[in-house]
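Examination of the molecular architecture
Listed below, chain by chain, are the residues.
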Amino acid sequence: ETGRLALYLLGLRATCPPPDPGSQRSLVTWLKYHLEEDWAGSRRHGHPLTSFYQYGLGVLALCAHRKRVREEVIRRLLEAQHHHKFRHAGGSAMDTEAVVVLAFTCLERERLVRSRLAAELRAARRRARKRMVEEQRPDGFFGNVYSTPWAMQVFIASNMCQLQTVYGQAMAALLKNLDAFTITATMAQVLPVLHGRSYLDIASMRCQEEPDTLTAINPEPLPEMLGTMMVRLVVECPLPWCPQHQLYDQLVPAPAGASLLDVLRAAAAQEPHDFTFETQETPQGPFLTTVLGLEAQQKKRSYWQLLTDSSTSLQMGVAEYRPQDGDSIILRLSEW
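Residues numbered from 1 in each chain as written. Predicted model: local features only at pLDDT ≥ 70, side-chain atom pairs only at ≥ 80, totals over all residues. Heavy atoms only, no water.

Going by what an unreviewed UniProt entry lists, the chain is known as Transcobalamin-2 and is assigned to Semnornis frantzii. We quote the UniProt Subcellular location (unreviewed entry) comment for the chain here in full: "Secreted". The annotation that UniProt attaches to the chain under Subunit (unreviewed entry) is "Interacts with CD320 (via LDL-receptor class A domains)." (UniProt positions renumbered as here; feature names shortened; annotations may be inferred.)

Helix and strand counts for the chain stand at 11 helices and seven strands. For 336 residues, the compact-globule estimate of 2.2 N^0.38 gives 20 Å, and the chain sits close to it at 21 Å. Each principal axis of the C-alpha atoms in the chain carries an extent, and together these give about 65 × 50 × 45 Å. Out of the 336 residues belonging to the chain, those deemed buried represent 47%. A fraction of 64% describes how many contacts in the chain between residues 6 or more apart in sequence connect residues 24 or more apart. Accessible area for the chain stands at about 17800 Å²; split by element, carbon and sulfur atoms hold 52% of it. Averaging the positions of the 36 positive and the 36 negative side-chain charges in the chain gives two centres separated by 13 Å. (Helix = DSSP H or I, 4+ residues; strand = E, 2+ residues; numbered from the N terminus. Rg over C-alpha atoms; globule rule 2.2 N^0.38 Å. Buried < 20%, exposed > 50% of the residue type's maximum accessible area, 1.4 Å probe, protein only. Contact = heavy atoms within 4.5 Å. Areas by Shrake-Rupley, 256 points an atom, 1.4 Å probe, with all protein chains shown as cover. Lys, Arg positive; Asp, Glu negative; His and termini not counted. Charge placed at Lys NZ, Arg CZ, Asp CG, Glu CD.)

Going through the model one piece at a time under the given rule, you end up with one cavity of 30 Å³ or more. Considering the residues around the largest cavity, the lining is formed by 11 residues, among which F86, R87, A93, E97 and R131 are closest to the centre. Residue assignment for the lining of the largest cavity shows that the elements contributing at least two residues are helix 5 (94–109) and helix 6 (115–135). (1 Å grid on protein atoms, 1.4 Å probe; cavity = no way out; pocket = protein on both sides within 12 Å on 5 of 7 lines; lining within 4 Å. Points joined across faces, edges and corners; volume = space filled by probe spheres on them.)

Attention now moves to the side chain of H34. Mapping H34 onto the fold places it in helix 2 (residues 21–40). Residue classification places H34 among the buried residues on the basis of a relative accessible area of 18%. Apart from the residues lying within four places of it in its own chain, the contact partners of H34 are E1, T2 and L5.

This part covers the sheet that holds strand 1 (residues 228–236). Spatially, the four strands line up as an open sheet ordered 2-1-7-6, and their pairing is mixed. If you trace the sheet from one side to the other, it starts and ends with strand 2 (246–255) and strand 6 (302–307), each paired once. In this sheet, neighbouring strand axes are inclined to one another by 20 degrees on average, regardless of whether the strands run parallel or antiparallel. Pairing between strand 1 and strand 7 (residues 328–335): five bridges, direction parallel. (Pairing = 2+ DSSP bridges. Axes fitted to C-alpha atoms, helices over the stretch in contact; angles between N-to-C directions.)

Remark: helix 8 (residues 165–176) packs on helix 9 (residues 184–194), axes separated minimally by 12 Å, with the N-to-C direction vectors making an angle of 125 degrees. With respect to helix 9, the axis of helix 8 lies oblique. The two elements helix 8 and helix 9 cross, and the hand of that crossing is left-handed. Facing Y167, M171, L174 and L175 of helix 8, the residues of helix 9 in contact are V190, V193 and L194. Grouping the amino acids of the contact of helix 8 with helix 9 by side-chain chemistry returns seven nonpolar, no polar and no charged. (Parallel < 35°, antiparallel > 145°, perpendicular 65-115°, else oblique. Left-handed = near helix turned anticlockwise from the far one by under 90°. Nonpolar A, V, L, I, M, F, W, Y, C, P; charged D, E, K, R; others polar.)

To continue, consider the pattern of salt bridges. The tally for this structure, following the rule as stated, stands at 15 salt bridges. Between R75 and E71 there is a salt bridge, and its shortest N-O distance comes to 2.9 Å. Placement of both R75 and E71 in helix 4 (residues 71–82) is noted, with a separation of four residues, approximately one turn of the helix. Overall, the relative accessible area of 30% leaves R75 in the partly exposed class. A relative accessible area of 34% means that E71 is categorised as partly exposed. R122 is paired through a salt bridge with E108; the nearest N and O atoms lie 3.0 Å apart. On the criterion of sequence distance, the pair formed by R122 in helix 6 and E108 in helix 5 is long-range, its members being 14 residues apart. Residues joined by salt bridges that share partners form a network here, namely E36, R70, E72 and R76. (Salt bridge = Lys/Arg side-chain N within 4 Å of Asp/Glu carboxyl O.)

For the rest of this paragraph, the subject is the domain arrangement of the chain. Parsing the chain into structural domains produces domain 1 (1–204) and domain 2 (228–335). Computed over C-alpha atoms, the centres of domain 1 and domain 2 are 29 Å apart. The interface of domain 1 with domain 2 comprises 16 residues on the first partner and 13 residues on the second. Our count for the domain 1 to domain 2 interface comes out at zero salt bridges. The interface formed by domain 1 and domain 2 includes zero residue pairs in polar contact (both at pLDDT 80 or more). Looking at the side of domain 1 that touches domain 2, its residues break down into nine nonpolar, six polar and one charged. (Domains from an automatic or database assignment. Polar contact = N/O pair within 3.5 Å; in protein donor to acceptor, adjacent residues only side chain to side chain.)

Turning to the nonpolar core, a few remarks are in order. Residues L60, L107, F142 and W150 are the most contacted members of the largest nonpolar core, which totals 70 residues. Among all residues touching F142, those that are not within four sequence positions of it are M94, M132, Q136, S147, T148, A151, M152, F155, V166 and A170. Ranked by size, the runner-up nonpolar core spans 31 residues in total, among them C242, L264, V291 and L331. (Core = buried A, V, L, I, M, F, W, Y, C linked by side-chain atoms within 4.5 Å.)

As structure tokens, this is what we get:
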């Protein structure tokens with residue numbers, strides 16, 4: 001619940017709701033409770049039960065509502081950043097570091113921490129920006145297409161975007177790939193950046209001056225594509241508890257222009273029906289949880305990694321990514 005409550009509270013603050021302090025206080029209290037539960041359940045491992053991404057998002061949401069956070073909670077994030085605990089099997093966790101740094105910036109800006117801790121947060125922010133500059137990919141992205149808006153918000157919140165050429169390169173990459181942001185949650189990450197804003201601006205909004213200009217739109221349906229494509233689907237499980245490394249390798253026919261989710265459905269419908277999978281709905285769209293009966297488990301810190309070859313992760317989720325005829329897709333159970 002940590003991440004879900006955090007996103008809801010950020011959204012609630014951004015919509016300038018009618019004053020109802022009682023209900024908002026209740027939600028803030030629940031978020032503080034879940035932050036403590038999140039950590040207490042996995043204290044001996046030195047990481048939250050969910051993830052540092054959700055944990056940082058919770059701190060950011062509390063700050064946006066100008067609520068103080070216990071110093072111990074903040075220091076957990078500081079220590080994790082210092083010891084590079086945000087990384088996972090798929091590479092760097094740029095979105096996690098960016099969310100945490102935004103939380104640090106907010107706490108300092110809203111003066112919700114003591115001066116000594118504020119100085120430590122500033123130093124952590126400088127380290128993170130330096131690392132982002134060093135790790136920017138040749139295509140302009142920070143991490144991947146979805147973590148890039150988070151990283152760009154760090155530069156915006158620090159008033160550094162005009163001084164960094166990497167920011168302009170990232171913006172150019174985003175503008176070329178806006179079709180990747182088709183889900184409400186990812187749109188909410190990229191829209192502030194396109195307007196030169198960050199989530200920190202939510203904390204300083206003057207709601208009485210906000211015009212009500214939101215209007216509903218009806219998006220045009222995607223053009224129908226005719227024909228059939230063939231996609232090679234491979235399932236790998238290199239972890240110790242897996243029965244074997246490669247569990248599945250088949251060609252799957254699917255309609256041209258189909259999403260990866262459609263390809264998985266087509267594979268499940270194929271004779272002899274030896275491919276199975278399950279997904280879970282999240283704010284970011286369907287999340288692949290189980291393949292061939294093997295479940296990605298939070299307690300084992302495992303997840304189903306989506307790749308186009310042995311080392312290239314997909315930039316989109318199963319519902320957004322549309323493979324081409326002849327492509328190979330690897331579903332690999334990995335640890336983070």
